[in-house]
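What the coordinates show
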Amino acid sequence: MNWDDDSTAEPDARLVGASAEGDDQAVEAALRPKDLSEFVGQEKVRQQLDLVLKAARQRGATADHVLLSGAPGLGKTTLSMIIAAEMNAPIRITSGPAIQHAGDLAAILSSLQEGEILFLDEIHRMSRPAEEMLYMAMEDFRVDVIVGKGPGATAIPLELPPFTLVGATTRAGLLPPPLRDRFGFTAHMEFYDPAELQRVIHRSAGLLDVEIDPDGAAEIAGRSRGTPRIANRLLRRVRDYAQVRADGVITREVSEAALSVYEVDSRGLDRLDRAVLEALLKLFGGGPVGLSTLAVAVGEERETVEEVAEPFLVREGLLARTPRGRVATPAAWTHLGLVPPQAAGPGGGGNALGTGQQGLFGA
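What counts, and where the lines are drawn
- Residues numbered from 1 in each chain as written.
- Predicted model: local features only at pLDDT ≥ 70, side-chain atom pairs only at ≥ 80, totals over all residues.
- Heavy atoms only, no water.
- Helix = DSSP H or I, 4+ residues; strand = E, 2+ residues; numbered from the N terminus.
- Buried < 20%, exposed > 50% of the residue type's maximum accessible area, 1.4 Å probe, protein only.
- Areas by Shrake-Rupley, 256 points an atom, 1.4 Å probe, with all protein chains shown as cover.
- Pairing = 2+ DSSP bridges.
- Axes fitted to C-alpha atoms, helices over the stretch in contact; angles between N-to-C directions.
- Contact = heavy atoms within 4.5 Å.
- Parallel < 35°, antiparallel > 145°, perpendicular 65-115°, else oblique.
- Nonpolar A, V, L, I, M, F, W, Y, C, P; charged D, E, K, R; others polar.
- pLDDT = per-residue confidence, 0-100.
- Salt bridge = Lys/Arg side-chain N within 4 Å of Asp/Glu carboxyl O.
- Expected span 1.5 Å × (residues − 1).
- Core = buried A, V, L, I, M, F, W, Y, C linked by side-chain atoms within 4.5 Å.

Within the protein chain, the regular secondary structure consists of 14 helices and eleven strands. The proportion of buried residues among the 363 residues of the protein chain is 48%. Surface accessibility of the protein chain: about 16600 Å² in total, with carbon and sulfur atoms responsible for 51%.

Read across the open sheet, the five strands follow the order β2-β3-β6-β1-β7; overall the sheet is parallel. Here the strands that pair on one side only, and so sit at the sheet edges, are β2 (91-95) and β7 (185-188). Averaged over all pairs of adjacent strands, the angle between their axes in this sheet comes to 15°, without regard to strand direction. Strand direction decides the pairing type here: strand β1 (residues 66-69) and β7, joined by four bridges, are parallel.

What follows concerns the environment of L175. Examined against the element boundaries, L175 turns out to sit in the loop between β6 (164-169) and α6 (177-180). The sequence separation of L175 and R125 amounts to 50 residues, and the corresponding C-alpha distance is 8.8 Å. Leave out the neighbours within four places in its chain, and L175 touches L67, I123, H124, T169 and R180.

Here the focus is the packing of helix α8 (residues 214-222) against helix α10 (residues 252-261). In the contact formed by α8 and α10, the axes pass within 7 Å of each other and the chain directions differ by 30°. Viewed along their axes, α8 and α10 adopt a mutual orientation that is roughly parallel. Where α8 approaches α10, its residues D215, G216, A218, E219 and I220 are matched on the opposing element by R252, S255, E256 and L259. The residue inventory of the contact of α8 with α10, partitioned by class, reads three nonpolar, two polar and four charged.

Here we come to the confidence of the model for the protein chain. With 84% of its residues at a pLDDT of 70 or more, the protein chain has an overall mean of 83. Low pLDDT, under 50, characterises residues 1-11; the stretch is placed with 56 contacts to residues that sit more than four places away or in other chains. The low-confidence segment residues 343-363, where pLDDT is below 50, has 37 contacts with residues more than four positions distant or belonging to other chains.

Here we come to the pattern of salt bridges. Under the counting rule described, the total for this entry stands at 20 salt bridges. The residue R203 makes a salt bridge to E38 at a minimum N-O spacing of 3.1 Å. With R203 in helix α7 (residues 194-207) and E38 in the loop between α1 (23-31) and α2 (43-59), this pair connects stretches of sequence that are 165 residues apart. The exposure class assigned to E38 is partly exposed, which follows from its relative accessible area of 31%.

Moving on: helix α9 (residues 228-245). Between the first and last C-alpha of α9 there are 25 Å, a value that for 18 residues agrees with the 26 Å anticipated at 1.5 Å per step. By the criterion of burial, α9 is predominantly enclosed, with 13 of the 18 residues buried.

Core analysis: the biggest nonpolar cluster contains 47 residues, and L49, L79, I83, I201, I212, I220 and I250 have the highest contact counts within it. Broken down by element, the residue count for this core peaks at seven residues, all from α9. If we skip the residues at most four places from it in the chain, L49 touches L36, V66, L79, I83 and F185. With 24 residues, the next largest nonpolar core counts A106, L112, V143 and L160 among its residues.

Positive phi is not limited to glycine here, since N88 has a value of about 50°. Within the secondary structure, N88 is located in the loop between α3 (76-86) and β2. N88 sits in the exposed class, given a relative accessible area of 72%. Despite not being glycine, E122 has its phi angle at roughly 50°, a positive value. Looking at the secondary structure, you find E122 in the loop between β3 (117-121) and α5 (128-140).

Next comes the structure, spelled out in C-alpha cells:
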C-alpha cells in the first residue's frame, strides 16, 4: 500500500478522510510495500529516488537528505521506510509538532547512528529554534549545544555521525528557504489515477486474502479520491460487506452496494461533502455565500467545512472559492441531479462561475 497540516479542524476520521488513526495505522503497516519495486504509482519520483539511493550505495556514503511533499495518504511515510530498507539502515521516526525546543532535536540527533535515517513528519510544524539547529546538522553534521544562560552561556560543539534526514510535509510552501535548500532531493507526490489505484487495490486484496474482480476494483478505485490510503480503507469495508451479505467475492455490484451503505457516492463524496453542496445549491441558489453562513447551514464548524470538505470539492471542480464567497460550478448541479435557476438576484443564483450572472443590483 502506498501512502498533515496546520488546520484547526478536528482530525478527519471519515471513511474518505486521508488521515490515518487508530486501527488504520496497524493495517497500513501490514500492507506497506517493502521496496521500490513493490511501490505502485509515483513513477517519476520512484525512478529519481532509485537513482539517488543506488548512487549512494555504490559510493558507500549516506544518501542525500530527502524532502517529500504532497497530500496525506499518498505514500510519504512508506517511501521513508523504503529508503531505510534500500540503504539497509535503521530508521528513527518523529514529527515536527513533537519537537518544540532545540534541546528536543539535539537529544534525537546526538543519539543517531552512522547512516541512520531520521524521518521527520510534518516538518513544517517544527519550532523555529529547532529549525535553525537543523540547518547546521544537515549541512555540517554538527550542532552547538548551549549550556547556561545569559552572559555566562557557552556553546559546546557536538559532532554528529553522517545521517539522512527524510522530511515530509503537506505544505512545502511553509518551509523557510534555508531549510528547503538543504535537501539534496525534493519530490512532490501527486494524486493517483484510477488505473494505479486498481493496482494498489489488487495488491492489497491479495495480502488480505480477498477475492476481487477487475470491475470491483475499478468501482472502489473510482471512489477513492486518488489516494491509496482511502482505497485500502474502502477495500476493507467492501470486504466486510462481501463477507456478511454476499459470497465473499468483491464484484462491481457488491462494491456499489457496500459503498452505498457507507454513503460514499460514485465520485467519492460522503455525507459531509454532499451536505455542503446541497446547502449551497438548494438554500443559496449556487452562491456566492460566505463560509460562515455555509457552515451554519450544514451544522458544522467553519474550520471543518474549510479544511475537511472544501479541498476535495474544489479539486473535483464542484465548488469554487471566490472573493464574494463560495460558488457552485455547473458540475455540482449535474452531480446532484439539480437544474440551476435561470436568473439570479442579489445573494443567490445558480449561475456558478458566470453562467449568465446578473449584476449585484439586478438587471
